[in-house]
Protein chains: 2
Amino acid sequence: MNYNECPITRTLEVIGGKWKPIILHYLAECPRRSGELARLIPHASGKMLTQQLRELEVDRIVRRKVYREVPPRVEYSLSPLGESLRPIMIAMCAWGDANPKSRR
Amino acid sequence: MNYNECPITRTLEVIGGKWKPIILHYLAECPRRSGELARLIPHASGKMLTQQLRELEVDRIVRRKVYREVPPRVEYSLSPLGESLRPIMIAMCAWGDANPKSRR
DNA sequence: CAGGATCCTTATTGATACTG
DNA sequence: CAGTATCAATAAGGATCCTG
């Protein structure tokens, strides 16, 4: 994962993971529980989701809040740094909306 | 590469490749030759670069122009559809500039 | 120079079983 | 429920050789 030195490189280090933009998209809507994200992103295995969430946590993009209850409840949300990624998410969503798959 | 149905998914299909955002970043500056891109993105092997360029070409993001000369010359540039990705590239560059690696 | 084809080595990922 | 650990399958990647 060692790219070169153009500025986009830094951004890709943080949101370049396979599922990270999608996770961030759903967290940008509202805080979400683990199982909730798993249901929203069914193509990613649970292992992948927790792995990507851990990396986002390490990069201070995502905040992880554990409620000490039984059964356990964990809620993920965007940190302020994560919020600063919103313009990117918005631009990506806008392009996806404007250019659906059907285009040939 | 089968994600789910949020709009970002479509965008990721097109620019989600490991080297695609960086390639697009350099093509957004100006048209580039193959060897030029290889020098700009030294961490990607030639095989990877051509592979990613082919996919971008198939998705009509990038235009490939062959000059029938000896030695051969091939120039890549953004198509109009590729140009429409600019806002995403700009947002990603801006974030990378504002949040360099040194941040802890 | 650009890039296709091949072989082979690593990295990612998925499935399963298990813990607090 | 949320998450870890392990192992097997698969995909991505690099090195090399070759062609127009």
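Residues numbered from 1 in each chain as written. Chains lettered and ligands numbered in written order. Predicted model: local features only at pLDDT ≥ 70, side-chain atom pairs only at ≥ 80, totals over all residues. Heavy atoms only, no water.

Let us look at the protein's contact with DNA strand D. DNA strand D sits among 16 residues. The nearest are Ser34, Arg64 and Tyr76 of chain A together with Lys18 and Lys47 of chain B. Near the protein, meaning within 4 Å, the atoms of DNA strand D are sugar or phosphate in a fraction of 65%, with bases accounting for the rest. Within the side chain of arginine 33 of chain A, a nitrogen or oxygen atom sits 3.2 Å from a phosphate oxygen of DNA strand D. Looking at the surface near DNA strand D, the element that brings in the most residues is helix α4 (residues 46-58) of chain A, giving three residues. Split into classes, the residues belonging to the surface near DNA strand D amount to six nonpolar, four polar and six charged. (Near = heavy atom within 4 Å. Polar contact = N/O pair within 3.5 Å; in protein donor to acceptor, adjacent residues only side chain to side chain. Helix = DSSP H or I, 4+ residues; strand = E, 2+ residues; numbered from the N terminus. Nonpolar A, V, L, I, M, F, W, Y, C, P; charged D, E, K, R; others polar.)

With respect to the helices and strands, isoleucine 8 of chain B occurs in helix α1 (residues 7-15). When near neighbours in sequence (up to four residues on either side) are disregarded, isoleucine 8 of chain B contacts Pro21, Ile22, His25, Met89, Met92 and Cys93 of chain A. (Contact = heavy atoms within 4.5 Å.)

Below, the discussion takes up the state of the cysteines. In the structure shown here, the tally under the stated rule is zero disulfides over all chains. Cysteine cysteine 93 of chain A shares no disulfide, and the gap to the nearest cysteine sulfur, in cysteine 6 of chain B, comes to 5.9 Å. The exposure class assigned to cysteine 93 of chain A is buried, which follows from its relative accessible area of 13%. No disulfide involves cysteine 30 of chain B; its sulfur sits 13 Å from that of cysteine 6 of chain A, the nearest cysteine. For cysteine 30 of chain B, a relative accessible area of 30% translates into the label partly exposed. (Disulfide = S-S within 2.5 Å. Buried < 20%, exposed > 50% of the residue type's maximum accessible area, 1.4 Å probe, protein only.)

This part is about the pairing of strand β2 (residues 62-67) of chain B. Of the strand pairs in this sheet, β2 of chain B and strand β3 (residues 73-78) of chain B are connected by six bridges, and their pairing is antiparallel. Among the inter-strand pairings, tyrosine 67 of chain B is bridged to a residue of β3 of chain B, identified as arginine 73 of chain B. (Pairing = 2+ DSSP bridges.)

On to the side chain of arginine 10 of chain B. Within the secondary structure layout, arginine 10 of chain B lies in helix α1. When its relative accessible area of 16% is taken as the criterion, arginine 10 of chain B is described as buried.

Attention now goes to the pattern of salt bridges. In a structure, side chains of opposite charge can pair up when their charged atoms sit close to one another. Taken as a whole and assessed by the stated rule, the structure comprises 16 salt bridges over all chains. We note a salt bridge from lysine 101 of chain B to glutamate 13 of chain A, for which the minimum N-O separation is 3.0 Å. Of this pair, lysine 101 of chain B sits in the segment after α6 (86-98) while glutamate 13 of chain A sits in helix α1 (residues 7-15), placing the two residues on different chains. Residue lysine 101 of chain B is classed as exposed on the basis of its relative accessible area, which comes to 56%. According to the relative accessible area criterion, glutamate 13 of chain A is partly exposed, its value standing at 23%. Through salt bridges with shared partners, a single ionic network connects Arg10 and Glu13 of chain A together with Lys101 of chain B. (Salt bridge = Lys/Arg side-chain N within 4 Å of Asp/Glu carboxyl O.)

The next point concerns the sheet that holds strand β2 (residues 62-67) of chain A. Each strand in a sheet pairs with another by means of backbone hydrogen bonds, the pair being arranged parallel or else antiparallel. Residues and elements named next belong to chain A. With antiparallel pairing, three strands are arranged side by side in an open sheet as β1-β3-β2. The sheet is open, and its two edges are formed by β1 (32-33) and β2, each paired on a single side. Against the sheet, helix α2 (residues 20-29) engages β1, β2 and β3 (73-78), with an angle of about 95° to β3. (Axes fitted to C-alpha atoms, helices over the stretch in contact; angles between N-to-C directions.)

Note that all results are geometric; they support no functional claim without further evidence.
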